[in-house]
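Spelled out from the first residue to the last, the chains are:
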Amino acid sequence: MRILIEYILPIFLPTAGWMLWLIWAQQRARRLGQQGPAWQSVPISWLLAAGVVLTMTVAIGGTLRSGYTTGSYQPARIDDQGHLVPGGIR
């Protein structure tokens, strides 16, 4: 699920947004009796570049938000009272 949200969705999000805009623009042009934009005019290189930039932004933002530190990982353990102490970077 994380891979879908962090990598795959941001790559296809610009294309999905452009397609929704294109459908809306065609319907609007039809209502006004005009010719709308054509499906053949897909700016595929721009959409791909926007998807890559968005994916990198999400990946970098997720890394910065995760609170990465330079400590060492301490595994989960059970303390003297029998409580579980979660692991983490300390």
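Below, the structure is looked at part by part. The structure presented is a predicted model; accordingly, all values stated were derived computationally and were not measured. (Residues numbered from 1 in each chain as written. Predicted model: local features only at pLDDT ≥ 70, side-chain atom pairs only at ≥ 80, totals over all residues. Heavy atoms only, no water.)

## Brief notes about helix H2 (residues 44-65)
In an α-helix, one turn spans 3.6 residues, which is why side chains three or four residues apart end up on the same side. Put simply, the rule reads: A run of H or I in DSSP becomes a helix once it reaches four residues, and a run of E becomes a strand once it reaches two; helices and strands are each numbered from the N terminus. To estimate the expected span of a helix, subtract one from its residue number and multiply by 1.5 Å. Only protein chains enter the accessibility calculation, which uses a 1.4 Å probe. A residue is then buried if its area is under 20% of the maximum for its type, exposed if over 50%, and partly exposed in between. The directions from the helix axis to the C-beta atoms are what the arc is built from. The contact criterion used throughout is that any non-hydrogen atoms of two residues lie within 4.5 Å.
Given a rise of 1.5 Å per residue, 22 residues ought to cover 32 Å, and the 31 Å separating the end C-alpha atoms of H2 matches this to within 8%. For H2, the full list of buried residues reads Leu-47, Gly-51 and Thr-55. Taken end-on, H2 shows its buried residues confined to a sector of 75 degrees, consistent with a single buried face. Among the exposed residues of H2, those pointing more than 90 degrees away from its buried face are Ser-45, Trp-46, Ile-60 and Leu-64. Residues of H2 that are buried sit in contact with helix H1 (2-31).

## As for the side chain of Gln-26
In this fold, Gln-26 is placed in helix H1. For Gln-26, a relative accessible area of 16% gives the class buried. Setting aside its immediate chain neighbours within four residues, Gln-26 contacts Pro-37, Ala-38 and Trp-39.

## Re H1
Operational definition: To get the bend at a residue, fit one axis to the 7 residues ending there and another to the 7 starting there, then take the angle between the axes.
Taking 1.5 Å as the rise per residue, H1 with 30 residues should run 44 Å; its terminal C-alpha atoms sit 41 Å apart, in good agreement. Where H1 bends most, at Leu-9, the angle is about 50 degrees, and the proline Pro-10 comes one to four residues later. Buried residues of H1: Pro-10, Pro-14, Trp-18, Leu-22, Ala-25, Gln-26 and Ala-29, and no others. For H1, the elements touching its buried residues are H2.

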